[in-house]
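Letter by letter, the chains look like this.
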Amino acid sequence: MTRTLADLRSGGRLLVISPHLDDAVLSCEALLKFSRDAHVLTVFGGDAPADAPLAEWDRQCGFPAGVNVMEARRAEDSRALTGLGAVPLWGNELQEGYRTDAANLERITSLITATIDSIAPTHFLFPLGLKHHDHLLVAAACGIAARERALTTSFVYAERPYAQAKEFAVVRKRIRELSTGGAGFSPDRLPRGERRGDRSALRCYPSQLRGLRMSAFRIGIFRERYWRISWPNK
Ligand SMILES: [Zn+2]
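To start, this report covers the structure provided alongside it.

Thresholds, definitions, all that
- Residues numbered from 1 in each chain as written.
- Predicted model: local features only at pLDDT ≥ 70, side-chain atom pairs only at ≥ 80, totals over all residues.
- Helix = DSSP H or I, 4+ residues; strand = E, 2+ residues; numbered from the N terminus.
- Rg over C-alpha atoms; globule rule 2.2 N^0.38 Å.
- Buried ≥ 20, exposed ≤ 12 C-beta atoms within 10 Å, placed from the backbone.
- Contact = placed C-beta atoms within 7 Å.
- Core = buried A, V, L, I, M, F, W, Y, C linked by C-beta atoms within 7 Å.
- Expected span 1.5 Å × (residues − 1).
- Pairing = 2+ DSSP bridges.
- Axes fitted to C-alpha atoms, helices over the stretch in contact; angles between N-to-C directions.
- Right-handed = clockwise from strand over helix to strand, strands pointing away.

1. Considering the overall build of the chain
Thinking step 1. Within the chain, the secondary structure is distributed over eight helices and seven strands.
Thinking step 2. For 234 residues, the compact-globule estimate of 2.2 N^0.38 gives 17 Å, and the C-alpha radius of gyration of the chain, at 17 Å, lies within 12% of that figure.
Thinking step 3. Projected onto its principal axes, the C-alpha coordinates of the chain cover approximately 55 × 40 × 35 Å.
Thinking step 4. Taking all 234 residues of the chain together, the buried fraction comes to 42%.
Thinking step 5. In the chain, 81% of the contacts between residues at least 6 apart in sequence involve partners at least 24 apart.

2. So, the nonpolar core
Thinking step 1. In terms of nonpolar packing, the biggest core is built from 59 residues, with V16, V25, L125, V138 and C142 touching the most fellow members.
Thinking step 2. Contacts of V25, omitting those with residues within four sequence positions, involve L32, A80, L81, A201 and L202.

3. Looking at helix 6 (residues 168–180)
Thinking step 1. Its 13 residues place the ends of helix 6 19 Å apart at the C-alpha level, agreeing with the 18 Å of an ideal helix rising 1.5 Å per residue.
Thinking step 2. A positive backbone phi angle near 105° is found at G182, which sits one or two residues after helix 6.

4. Considering helix 5 (residues 133–148)
A turn of α-helix holds 3.6 residues, and therefore any two residues three or four places apart point the same way.
Thinking step 1. Counted at 1.5 Å a residue, the expected span for helix 5 with its 16 residues is 22 Å, and the 23 Å between its end C-alpha atoms agrees.
Thinking step 2. All buried positions along helix 5 are accounted for by D134, H135, L137, V138, A139, A141, C142, G143, A145 and A146.
Thinking step 3. Where helix 5 is buried, its residues meet strand 1 (14–18), helix 4 (105–119), strand 4 (123–127) and strand 5 (153–157).
Thinking step 4. Positive backbone phi, approximately 55°, marks A150, located one or two places after helix 5.

5. Some thoughts on unusual backbone geometry
Thinking step 1. Here the amide bond leading from R160 into P161 is cis, since omega sits at 5°, within 30 degrees of zero.
Thinking step 2. On the secondary structure map, P161 appears in the loop between strand 5 and helix 6.
Thinking step 3. Although it is not a glycine, K131 adopts a positive phi angle of roughly 75°.
Thinking step 4. Secondary-structure assignment places K131 in the loop between strand 4 and helix 5.
Thinking step 5. By C-beta crowding, K131 is classed as partly exposed, having 16 other C-beta atoms within 10 Å.

6. Some details on the sheet that holds strand 3 (residues 86–90)
Hydrogen bonds between backbone groups are what pair the strands of a sheet, and the pairing can be parallel or antiparallel.
Thinking step 1. Spatially, the seven strands line up as an open sheet ordered 3-2-1-4-5-7-6, and their pairing is mixed. What marks the edges here is a single partner per strand, and that holds for strand 3 and strand 6 (184–188). The sheet shows a mean angle of 25° between the axes of neighbouring strands, direction not considered.
Thinking step 2. Bridge analysis of strand 2 (residues 38–42) against strand 3 gives five bridges, and the strand direction is parallel. Its bridge partner being in strand 3, T42 is matched across the sheet by W90.
Thinking step 3. Sitting on the sheet, helix 5 is in contact with strand 1, strand 4 and strand 5, with an inclination near 155° to strand 4.

7. Details of the environment of S154
Thinking step 1. Take S154: it is sitting in strand 5.
Thinking step 2. As for S154 and L190, which are separated by 36 residues in sequence, their C-alpha atoms are 15 Å apart.
Thinking step 3. Dropping the residues within four chain positions of it, S154 is found in contact with F124, F126, A146 and I229.

8. Examining the pairing of strand 1
Thinking step 1. With five of its five residues buried, strand 1 lies for the most part within the structure.
Thinking step 2. Of the two faces of strand 1, the one lined by L14, V16 and S18 and the one lined by L15 and I17 are each fully buried.
Thinking step 3. A crossover connection joins strand 1 to the parallel strand 2 through helix 1 (residues 23–34); in handedness this β-α-β unit is right-handed.

9. A few points about the pairing of strand 4
Thinking step 1. Within strand 4, five of the five residues are buried, which leaves the element mostly enclosed by the surrounding structure.
Thinking step 2. Residues of strand 4 alternate between two faces, with H123, L125 and P127 on one and F124 and F126 on the opposite face, all of them buried.
Thinking step 3. The pairing of strand 1 with strand 4 spans three bridges and is classified as parallel. From the neighbouring strand, V16 faces strand 4, where its bridge partner is L125.
Thinking step 4. Sheet topology places strand 4 next to strand 5; three bridges connect them, and they run parallel. Residue pairing across strands places F126 opposite V156, the latter belonging to strand 5.
Thinking step 5. Note that the unit made of strand 4, helix 5 and strand 5 has a crossover that is right-handed.

Below is the structure:
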């Protein structure tokens with residue numbers, strides 16, 4: 001029987017991979033609320049080096065110099081996920097803007113496989129890999145981890161706000177790229193009446209909404225989008 005996201009109403013365990021401390025909730029608010037047993041691993045959850053100057057993005061988000069930005073962002077994430085009844089898990093990787101070395105795909109993949117092993121999800125959901133280098137990296141690591149752990153049917157989400165109507169072409173492009181790698185895609189949807197969040201969790205990220213220059217209302221206009229992704233058996 002084909003697994004679908006709607007199965008999460010009656011049971012099952014959802015593991016969502018989030019590149020940054022906001023992507024899973026901004027993109028999957030309704031699904032996280034719908035699922036009874038949801039866990040969210042944020043890969044780039046590590047603190048900026050203590051002596052590093054304030055990153056440009058953090059400045060745009062309104063953080064003053066000298067505060068522990070990631071601590072404040074983890075608090076936003078914790079509040080949002082607790083409100084949705086989901087469990088936050090945070091990795092220690094440094095996001096773009098904090099790193100002095102290149103990101104390590106192998107280490108990120110290991111973090112994800114270790115989390116799959118400890119959470120044992122029935123439903124594994126990861127980002128399409130839009131807009132940002134960190135997102136693409138996480139999407140690549142998730143694809144490797146899913147195949148390593150024989151999760152031959154997994155799920156992907158389109159990242160909001162990057163997957164908005166005018167940027168629909170970038171979604172199609174990513175699906176084409178992944179399909180070329182042998183993956184099969186089919187759209188999946190939550191049951192009618194469950195497809196929209198009430199935006200209360202989106203409002204838990206005031207710093208990021210400020211950086212994005214977008215209101216929770218506006219982000220919520222665009223529907224959440226999911227696909228089943230499967231790889232042929234080796
Ligand atoms: Zn992000």
